[in-house]
Amino acid sequence: MPEERRIRAPDAARDAEQDQEVLEDFKLVTDPSLAYMSLERQLSELLERVTEITGADTAAILLLDPERDVLVARAARGIEEEVREGVQVPLGRGFAGRIAAERRPIAIEDVGHADILNPILRRTGIRSLLGVPLVVEGRVIGVMHVGTLRGRKFEDEDVRLLQLVADRAGLAIDNAQLSEQRALTEVLQRTLLPEALPQIPGLRFSAKYLPAASGIKLGGDWFDVFELPDGRIAFVVGDVVGRGIAAASVMAEVRSAVRAYTMEGHDPVTVVRRLNDLLIAMGRRRSATLAFMALELETGELLAVSAGHLPAVIRTPSGETRFIGEATGPPLGVLPTANYTGETYTFPLGAALLLYTDGLVERRDEVIDDGLQRLAEAVAGAATQGGMSLADAVLARVRLDTSLEDDVALLAIESRPLSDQLALTLDAQPAVLSSLRRGIGRWLAAHGVAAEARFDVALAVSEASANAIEHAYGPADATFAVECRYSPERVAVTVSDTGTWRPQGKRERGRGMDIMQMLMDDVRIDRTDDGTRVLLTKRLGG
Amino acid sequence: LRGLELEDSDGVPVARLPADVDAANAESIGEVIAASFSHDSPGVIADLTATRYLDSTGIDMLFRLGERMATRRQSLHLVVPEEAPVRRILEIVSMSDIVAIHPDVTSALGAVRGDGAPTPAS
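Just so it is clear, the model here is predicted, and its values are computed rather than measured.

**Student:** Is there a simple way to explain the interface of chain B and chain A in this structure?
**Tutor:** Accessible area lost on assembly of the parts is the figure often given for the size of an interface. Across the boundary between the two partners, chain B contributes 24 residues, which contact 27 residues of chain A. Note on chain B versus chain A: buried area summed over both sides is about 2300 Å², and carbon and sulfur give 56% of it. In terms of surface lost to chain A, no three residues of chain B exceed Arg2(B), Tyr53(B) and Arg88(B), which account for 29% of the buried area on that side. Applying the counting criterion to the chain B and chain A interface returns six salt bridges. Of the charged contacts in the structure, one is a salt bridge between Arg437(A) and Asp20(B), with a shortest N-O distance of 2.6 Å. Seen at the junction of chain B and chain A, the total is eight residue pairs in polar contact (both at pLDDT 80 or more). At the level of elements, strand E5 (53-54), helix H2 (56-71) and helix H3 (85-92) of chain B are the ones that each hand at least two residues to the side of chain B that touches chain A. Ranked by residue count, the leading element in the side of chain B that touches chain A is H2(B), at seven residues. A per-class count over the side of chain B that touches chain A returns 12 nonpolar, three polar and nine charged.

Below, the structure written as structure tokens:
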């Protein structure tokens, strides 16, 4: 029979003066000005005070990991190996586990006979233990306990004192934990969200990620834009259920997995199926919703796969909005047998597409249909004059519920309207070539140019651009310009760079020249001190 | 390497090239293919069925690969469907002077086995 006493709740009527004294002494460690210290350091300072105040030999703080329902030793005094060895106690078990689960102080006069899980407590020769829960706003965030090497019968007064200190410490720990977690999550988010959206000729991207109003709630939302091996452009928006570091780290895994499966050459439907298998296999008790779209630039064919994600909004060139890409399967990680399918839509020139996470449309005390309706209206009316991006314009019109504790990610894709001119400034990197070719193909297709002529122009422009890229030694952020003009009689393209033309460069460049001349009707090269311009012309029709 | 798939068809390496072979990836693709064939393989097949755009860098890579294999008495075979736009480019640069071009993998495999060392009768 464990030698243990149940302890009554602390008596409220006690010496206030003494309390004040204790708290004064304690202020130093819970002072917000110490917030620059790491949580570990604050806790160890705190424990030093605790042992002094209570006259104990050892002290420890274990914090609850709510994801796994375990208490993890975060700071210790006299029993430092607790932290070093990463002691973990399941909620509800052992000395600390029961304090947290039952949310009450527990004193043990003789450890020898008690249910102690942690071998370090025994090894250290601790005889008596007193522990109290760390409670903040009704949540148990951990346990603080003190121990003595000589047997000691803890009095109600000791309990009251330790609880007093624990209450004050709990607040400080909670704050420190929040800012620590927020800082970590923000770093994660910054690392994971694309720094710059890719340059795809004929498309304009804008995106936003907004952390939740209360900082700690950020975490699981992301978006991504990248090119598929077959040249299609992938748009991805996802939302991992849950908040904080745990959600953000699952998000990181899912986000990389999307790219990895895609890079292996799997089509979007297969990628989504594999992601589902992955999440289930990970056994992280995490689900995620995901919208995965792939746009064939030349034809405007848009494939949409949705794992429990809200539908995207498309705005047609005439200004009407509708929802596309309704969920074709449950969220990822829920159903091992889930079967996802793809739906095909058309994304015409002049249209706009918005992918987003639920934080954009959800409001307290409102059904989601109202939020979706509001979003559709916002997208319909969002004007993007004056340099405002579509993502910003939509956000401005939706008027987020700022009290909502959810983060928001949105990704807007605008297809530039049909025009006789196409002017592009591109990074001087070979990676831009594949989407350049398709962007030109899409533009020419919209003008009704036949497939063979589209191919010829796209490849010739690509050759001239490869030259421009090769010239662009020097600054890493060099760019080159492509200007295309269409008339029913001809397509004229100018590719200009600021480098010097090297006619006897690599021999494939000579071959590139041959190809340009074979594909186009006229090829002219203007070299000046400022750079090189290649003028390509192809006659159309007849 | 993105979109490049290597397979072995009864001792004949078959490399399926991605949709785009250009200045961004041609050199690496050439290296991967060159590393894939062994001395006892009579030839290598580069399958361009999925390839939509092949630029001069890609063409140069194929030429060099063909030359390199010829010095080892091996042969490079390209698979390009009749109607593929890539075929026009290969014609412009007279690729067929150096490398055999086939409409599908089956005929390419037949050609590789045919022009390899005679297989002992079993």
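From this point on, the discussion continues.
**Student:** It is not clear to me how the side chain of Asp239(A) should be interpreted in this structure. Could you clarify?
**Tutor:** Note on placement: Asp239(A) falls in strand E10 (residues 233-243). If we ignore the near neighbours within four places in the chain, the residues touching Asp239(A) are Gly220(A), Asp221(A), Trp222(A), Ser287(A), Ala288(A), Thr289(A), Thr357(A) and Asp358(A).

**Student:** Help me understand the confidence of the model for chain B in this model?
**Tutor:** Caution is warranted with low-pLDDT regions, since their predicted coordinates should not be read in detail. Residues and elements named next belong to chain B. Of the residues in chain B, 93% have a pLDDT of 70 or more, and the chain-wide mean is 87. Long-range and interchain partners of residues 117-122, a stretch whose pLDDT sits below 50, account for zero contacts in this model, where long-range means more than four residues apart. Scored as a complex, the prediction yields pTM 0.68 and ipTM 0.88.

**Student:** Would you explain the pattern of salt bridges in this entry?
**Tutor:** Pairing between side chains of opposite charge can happen when their charged atoms approach one another. Within this structure, the stated rule accounts for 29 salt bridges over all chains. Glu298(A) serves as the salt-bridge partner of Arg454(A), at 3.8 Å between the closest nitrogen and oxygen. Here Arg454(A) is found in helix H12 (residues 451-471), whereas its partner Glu298(A) is found in the loop between strand E11 (288-296) and strand E12 (301-307), with 156 residues between them in sequence. Its relative accessible area of 18% is what places Arg454(A) among the buried residues. Residue classification places Glu298(A) among the buried positions, given a relative accessible area of 9%. Note that Arg374(A) and Glu366(A) form a salt bridge whose closest N and O atoms lie 3.0 Å from each other. Residue Arg374(A) is classed as buried on the basis of its relative accessible area of 16%. Connected via shared salt-bridge partners are Arg437(A), Arg438(A), Asp20(B) and Asp22(B).

**Student:** Help me out: how do you make sense of unusual backbone geometry in this one?
**Tutor:** Across the chain, the bulk of peptide bonds are trans and the bulk of non-glycine residues have phi less than zero. In the Ramachandran plot, Arg103(A) falls in the positive-phi region, its phi being about 50 degrees despite a non-glycine side chain. When you line up the elements, Arg103(A) lands in the loop between helix H4 (94-102) and strand E5 (106-108). At Ser94(B), a residue that is not glycine, the phi angle is positive and equals roughly 55 degrees. The residue Ser94(B) is located in the loop between H3 and strand E7 (100-102) in this model.

**Student:** Even after reading the chapter, I still don't get the packing of aromatic side chains, so can you show me in this structure?
**Tutor:** The way to describe two aromatic rings as a pair is by their centre distance and the angle between their planes. Residue and element names in this part refer to chain A. Taken as a whole and judged by the stated rule, the model has three aromatic pairs over all chains. For the ring pair Phe205 and Phe235, a centre distance of 6.0 Å and an interplane angle of 65 degrees mean the geometry is edge-to-face. Taken together, the positions of Phe205 in strand E8 (residues 203-210) and Phe235 in strand E10 put the pair 30 residues apart, joining distant regions of the chain. Assessed through its relative accessible area of 0%, Phe235 is described here as buried. Measuring from ring centre to ring centre gives 6.5 Å for Trp443 and Tyr486, while their planes differ by 85 degrees; the resulting arrangement is edge-to-face.

**Student:** Please clarify how helix H2 (residues 39-54) of chain A should be interpreted in this entry.
**Tutor:** All names here are of chain A. A rise of 1.5 Å per residue sets the reference length of H2, with its 16 residues, at 22 Å; its end C-alpha atoms lie 22 Å apart and thus fit the reference within 8%. Along H2, the positions that sit buried rather than exposed are Leu39, Gln42, Leu43, Leu46, Leu47, Arg49, Val50, Thr51, Ile53 and Thr54. Positioned one or two residues after H2, Gly55 has a phi angle of 65 degrees, which is positive.

**Student:** Please explain the pairing of strand E1 (residues 5-9) of chain B as it appears in this structure.
**Tutor:** Here is the key point about a regular strand: its side chains alternate between the two faces of the sheet. Residues and elements named next belong to chain B. Bridge count for E1 against strand E2 (residues 12-16) is five bridges, and the pairing is antiparallel. Residue pairing in the sheet places Asp8 in a bridge with Pro13 of E2. The hairpin turn running from E1 into E2, its antiparallel successor, is two residues long, and Asp10 in that turn takes a positive phi close to 50 degrees.

**Student:** Help me out: how do you make sense of the nonpolar core in this one?
**Tutor:** In a soluble, globular protein the nonpolar side chains are often hidden away together inside. Within the largest apolar cluster, 69 residues are counted, with the highest numbers of intra-cluster contacts made by Ile440(A), Val482(A), Leu536(A) and Leu78(B). Among the elements that take part in this core, H12(A) stands out by supplying 11 residues, more than any other. Beyond its immediate sequence surroundings of up to four residues, Leu78(B) is in contact with Ala46(B), Leu48(B), Leu62(B), Leu90(B), Met95(B), Val99(B), Ala100(B), Ile101(B) and His102(B). Core analysis: the second largest hydrophobic core is formed by 28 residues, Leu46(A), Ala56(A), Val132(A) and Val146(A) among them.

**Student:** Please explain the sheet that holds strand E17 (residues 408-415) of chain A as it appears in this structure.
**Tutor:** Across a sheet, strands are paired by hydrogen bonds formed along the backbone, either parallel or antiparallel in direction. Residue and element names in this part refer to chain A. Reading across from one edge, E8-E17-E16-E13-E14 is the order of the five strands in this open sheet, with antiparallel pairing throughout. Only two strands of the sheet have a single partner each, and these edge strands are E8 and strand E14 (321-324). Direction aside, neighbouring strands of the sheet carry axes that sit 20 degrees apart on average. One ladder, built from five bridges, connects strand E16 (residues 352-356) with E17; its direction is antiparallel. Across the sheet, the residue bridging to Leu355 is Leu411, located in E17. This element, helix H9 (residues 368-381), spans strand E13 (312-315), E14 and E16 of the sheet and lies at about 125 degrees to E14. In the packing of helix H10 (residues 390-398) onto the sheet, contacts are made with E8, E13, E16 and E17, and the angle to E8 comes to roughly 45 degrees.

**Student:** Even after reading the chapter, I still don't get the packing of H9(A) against H10(A), so can you show me in this structure?
**Tutor:** Between two packed helices, what matters for the description is the angle formed by their axes and the separation of those axes. Residue and element names in this part refer to chain A. Relative orientation of the contacting elements H9 and H10 amounts to 130 degrees, with a least axis distance of 9 Å. Classed by the angle they form, the pair H9 and H10 counts as oblique. Note on packing geometry: the crossing formed by H9 with H10 is right-handed. Contact residues: Arg374, Leu375, Glu377, Ala378, Val379 and Gly381 in H9; Val394, Arg397 and Val398 in H10. Broken down by class, the residue content of the contact of H9 with H10 amounts to five nonpolar, one polar and three charged.

**Student:** Can you walk me through the sheet that holds strand E19 (residues 479-486) of chain A in this structure?
**Tutor:** Residues and elements named next belong to chain A. As summarised here, the arrangement of the five strands in space is E18-E19-E20-E22-E21, forming an open sheet in which the pairing is antiparallel. Only two strands of the sheet have a single partner each, and these edge strands are strand E18 (421-427) and strand E21 (522-528). Within this sheet the neighbouring strands show an average axis-to-axis angle of 15 degrees, counted without direction. Of the pairings in the sheet, the one linking E21 to strand E22 (residues 531-539) comprises seven bridges and is antiparallel in character. Within E22, the position partnered with Arg527 by the bridge is Thr532.

Calculation criteria
Residues numbered from 1 in each chain as written. Chains lettered and ligands numbered in written order. Predicted model: local features only at pLDDT ≥ 70, side-chain atom pairs only at ≥ 80, totals over all residues. Heavy atoms only, no water. Contact = heavy atoms within 4.5 Å. Buried area = accessible area lost by both parts, 1.4 Å probe. Salt bridge = Lys/Arg side-chain N within 4 Å of Asp/Glu carboxyl O. Polar contact = N/O pair within 3.5 Å; in protein donor to acceptor, adjacent residues only side chain to side chain. Helix = DSSP H or I, 4+ residues; strand = E, 2+ residues; numbered from the N terminus. Nonpolar A, V, L, I, M, F, W, Y, C, P; charged D, E, K, R; others polar. pLDDT = per-residue confidence, 0-100. Buried < 20%, exposed > 50% of the residue type's maximum accessible area, 1.4 Å probe, protein only. Phe/Tyr/Trp six-rings, centres within 6.5 Å; stacked < 30°, edge-to-face > 60°. Expected span 1.5 Å × (residues − 1). Pairing = 2+ DSSP bridges. Core = buried A, V, L, I, M, F, W, Y, C linked by side-chain atoms within 4.5 Å. Axes fitted to C-alpha atoms, helices over the stretch in contact; angles between N-to-C directions. Parallel < 35°, antiparallel > 145°, perpendicular 65-115°, else oblique. Left-handed = near helix turned anticlockwise from the far one by under 90°.

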